[in-house]
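So you can see what is in the structure, the chains are spelled out below.
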Amino acid sequence: MTVLVTGGAGYIGSHMVLALRDRGEQVTVLDDLSTGLQSLLLPEVPFVQGDIGDDAVLDAVLSDPSIDTVIHFAARIVVPDSVADPLGYYLNNTVKAHRLISACVRHGIKRFIFSSTAAVYGETGSEPVLESSTLNPISPYGRSKWMVEWMLRDTAAAHDFKALVLRYFNVVGADPQGRSGQSGRNATHLIKVAVETALGLRPHMTLFGTDYPTPDGTCIRDYIHVSDLIAAHLCGLDHLRQSPDGFSVYNCAYGRGASVLEVIDSVKRISGVDFTVLQAGRRAGDPASIIADGQALRRDLGWQPRHDSLDEMVRHALQWERKHSNLQPYSIQS
Ligand code: UFG
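Residues numbered from 1 in each chain as written. Predicted model: local features only at pLDDT ≥ 70, side-chain atom pairs only at ≥ 80, totals over all residues. Heavy atoms only, no water.

Trainee: I would appreciate a short explanation of the packing of aromatic side chains in the present structure.
Mentor: Two aromatic rings, taken as a pair, are described by how far apart their centres are and by the angle between their planes. Summed over the entire model, instances satisfying the criterion amount to four aromatic pairs. Judged by centre distance (6.3 Å) and plane angle (85°), the rings of Tyr89 and Tyr141 are edge-to-face. With Tyr89 in helix α4 (residues 86-106) and Tyr141 in helix α5 (residues 140-158), the pair connects residues that are 52 residues apart, well separated along the chain. On the basis of an interplanar angle of 35° and a centroid distance of 6.1 Å, the ring pair of Tyr121 and Phe169 is categorised as tilted. (Phe/Tyr/Trp six-rings, centres within 6.5 Å; stacked < 30°, edge-to-face > 60°. Helix = DSSP H or I, 4+ residues; strand = E, 2+ residues; numbered from the N terminus.)

Put into structure tokens, the structure is as follows:
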């Protein structure tokens, strides 16, 4: 049994590969290295550089009869970029997922785990959001993922194919052992940006929006440590191997929110650096608050979070950034 990990050279995918290898699973990685890094790949893990939308690549990879599960991470992930380039997001996240799912059916792949997102909920109007809450995505990013959820639901109903959809809330932190972390250039995600600023890689950072209807006026998100997110995938993989369920959806989150100001405060406190934060208007596509109900994952899949602390998430992100920026010094335009 081999697990194919698409996007295995990326931030979350590389953590998945480490965790699968840690428990002795066979893994193959498919990644086009458009944002992933070769340095995050393990030399002993078979790696194919290629596009998940390319049928020839997919047919070659999936002709390995030992592959019976696909965990699909490869995607574009920046909400404001999706507002500026919706067609690029629908191509990468939706059209190419269709190619991948089709290839899975063609090759008799029976299990599929999909990285979906809290962005499918959009402005829900009530919190915490349950898997059964009404979906009202407000960005092309959220819609690009929601369409894939539907494709998987319908494919699972029509074929011998089981799909698990995991809706990630805000994934942060890094491998506690320092083997991987967020490594992309020109980062836009809050904790990565704040950590880079604390370490002097940026002269300052910008806080987008202080007039939201939240207690301190800044957006609230449900941050989850990447290692806990990966643990959810391992529970999900075990579930798919044992369960007769054809299709299921779970939120991946702790069920607790932190505001942008609380995150910045944590980064300042843990780094010991009082860096400059400029204030700007709201960023396109940002909902004021998204907090999950994460109980179903615990109840149904036996998931137990181990890194459920904002300060720990920040500490691991700082630890990785120090190591990573020493390996790859670069200056960032802010
Ligand atoms: N923010 C800043 N300054 C920055 C970066 C971010 O103020 O330099 C703010 C944003 O405006 C937002 C909050 O920090 O209010 C979080 O923004 P991120 O860019 O870190 O994350 P998003 O909430 O936009 O999106 C992330 C993932 C999506 C996922 C979503 C779910 O990128 O894949 O979380 O909530 F869908």
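Having put the structure on the table, let's press on.
Trainee: Is there a simple way to explain the environment of Asn93 in this structure?
Mentor: With respect to the helices, strands and loops of the structure, Asn93 is situated in helix α4. Measuring from C-alpha to C-alpha, the distance between Asn93 and Ile52 comes to 9.9 Å, with 41 residues separating the pair along the chain. Apart from the residues within four sequence positions on either side, Asn93 is in contact with Ala75, Arg76, Tyr141, Ser144, Lys145 and Val148. Of the polar contacts made by the side chain of Asn93, one reaches the backbone nitrogen of Arg76; its length is 2.8 Å. (Contact = heavy atoms within 4.5 Å. Polar contact = N/O pair within 3.5 Å; in protein donor to acceptor, adjacent residues only side chain to side chain.)

Trainee: Would you mind going over the nonpolar core with me for this structure?
Mentor: Generally speaking, a soluble globular protein has its nonpolar side chains buried in company with each other. Counting residues in hydrophobic clusters, the biggest one holds 61 residues, and the most contacted among them are Ile12, Leu20 and Ile191. Considering every element that reaches this core, the biggest residue donor is helix α7 (residues 226-242), with eight residues. The residues touching Leu20, leaving out its near neighbours within four places in the chain, are Val3, Val5, Glu25, Val27, Ile71, Leu234 and Leu237. Counting residues in hydrophobic clusters, the runner-up holds 26 residues, among them Ile109, Phe114, Leu152 and Ala163. (Core = buried A, V, L, I, M, F, W, Y, C linked by side-chain atoms within 4.5 Å. Buried < 20%, exposed > 50% of the residue type's maximum accessible area, 1.4 Å probe, protein only.)

Trainee: I'm lost on the pattern of salt bridges in this one. Help?
Mentor: For side chains bearing opposite charge, pairing can occur when the charged atoms are close. Inspection of the entire model under this criterion finds 24 salt bridges. The salt bridge involving Arg111 is made with Asp68; its shortest N-O contact spans 2.8 Å. You can see Arg111 sitting in strand β5 (residues 111-117) and its partner Asp68 sitting in strand β4 (residues 67-72), a full 43 residues away along the chain. Both residues of the pair, Arg111 and Asp68, count as buried. The salt bridge partner of Arg202 is Glu196, with a shortest N-O separation of 2.8 Å. No difference in accessibility class separates Arg202 from Glu196, as the two residues are buried. The network of salt bridges with shared partners includes Arg23, Glu25, Asp238 and Arg241. (Salt bridge = Lys/Arg side-chain N within 4 Å of Asp/Glu carboxyl O.)

Trainee: Please explain α7 as it appears in this structure.
Mentor: Quick reminder: α-helices carry 3.6 residues per turn. Residues three or four places apart thus point the same way. Between its first and last C-alpha, α7 extends 25 Å over 17 residues, near the 24 Å set by a 1.5 Å rise per residue. A large share of α7 lies buried, amounting to 13 of its 17 residues. (Expected span 1.5 Å × (residues − 1).)

Trainee: Any chance you could explain the sheet that holds strand β14 (residues 289-290) here in plain terms?
Mentor: Sheets are built from strands paired through backbone hydrogen bonds, the pairs being either parallel or antiparallel. What the three strands build is an open sheet, ordered β12-β9-β14; its pairing is mixed. Of all the strands in the sheet, the pair left with one neighbour each is β12 (258-259) and β14. With two bridges joining them, strand β9 (residues 220-221) and β14 adopt parallel strand pairing. Looking at β14, one finds that Arg221 is bridged to Ile290. (Pairing = 2+ DSSP bridges.)

Trainee: How should the sheet that holds β5 be read in this particular structure?
Mentor: The sheet built from seven strands is open, its strands ordered β3-β2-β1-β4-β5-β6-β11 with parallel pairing. With partners counted over all chains shown, the strands left at the sheet margins are β3 (47-49) and β11 (247-252), one partner each. Recorded for the sheet is a direction-independent mean angle of 15° between the axes of neighbouring strands. Sheet topology note: the β4/β5 ladder contains four bridges and is parallel. Within the sheet, the bridge partner assigned to His72 lies in β5 and is Phe114. Across the face of the sheet, α5 comes into contact with β5, β6 (162-168) and β11 while running at roughly 155° to β5. (Axes fitted to C-alpha atoms, helices over the stretch in contact; angles between N-to-C directions.)

Trainee: Is there a simple way to think about the site of the ligand in this case?
Mentor: Around the ligand, the structure places 20 residues, and the nearest of them are Thr117, Asn170, His189, Thr206 and Asp286. For the ligand, an oxygen atom lies 2.7 Å from a polar atom in the side chain of Arg221. Here an oxygen atom of the ligand sits 2.6 Å away from a polar atom, N or O, in the side chain of Asp286. Protein burial of the ligand: of its 680 Å² of free accessible surface, 93% is covered by the chains. Here the residues of the shell around the ligand are counted per class, giving 12 nonpolar, five polar and three charged. (Near = heavy atom within 4 Å. Areas by Shrake-Rupley, 256 points an atom, 1.4 Å probe, with all protein chains shown as cover. Nonpolar A, V, L, I, M, F, W, Y, C, P; charged D, E, K, R; others polar.)

Trainee: Even after reading the chapter, I still don't get the environment of Pro65, so can you show me in this structure?
Mentor: With respect to the element layout, Pro65 can be found in the loop between α2 (55-62) and β4. On the basis of relative accessibility, which here comes to 78%, the residue Pro65 falls in the exposed class. Taking the C-alpha atoms as reference, Pro65 lies 22 Å from Asp32; in sequence the two are 33 residues apart.

Trainee: Just to check I follow, could you spell out the packing of α2 against α4 for this structure?
Mentor: A pair of packed helices is characterised by two quantities: the angle between their axes and the separation of those axes. Running from N to C, α2 and α4 cross one another at 40°; their axes reach a closest spacing of 10 Å. Classed by the angle they form, the pair α2 and α4 counts as oblique. Along this stretch, α2 crosses α4, giving a crossing that reads as right-handed. In this structure, α2 uses Asp55, Leu58, Asp59 and Leu62 to contact α4, whose residues at the interface are Arg99, Leu100, Ala103, Cys104 and Arg106. Here the contact of α2 with α4 is built from residues that sort into five nonpolar, no polar and four charged. (Parallel < 35°, antiparallel > 145°, perpendicular 65-115°, else oblique. Left-handed = near helix turned anticlockwise from the far one by under 90°.)

Interpretation in functional terms is not warranted from these geometric data alone.
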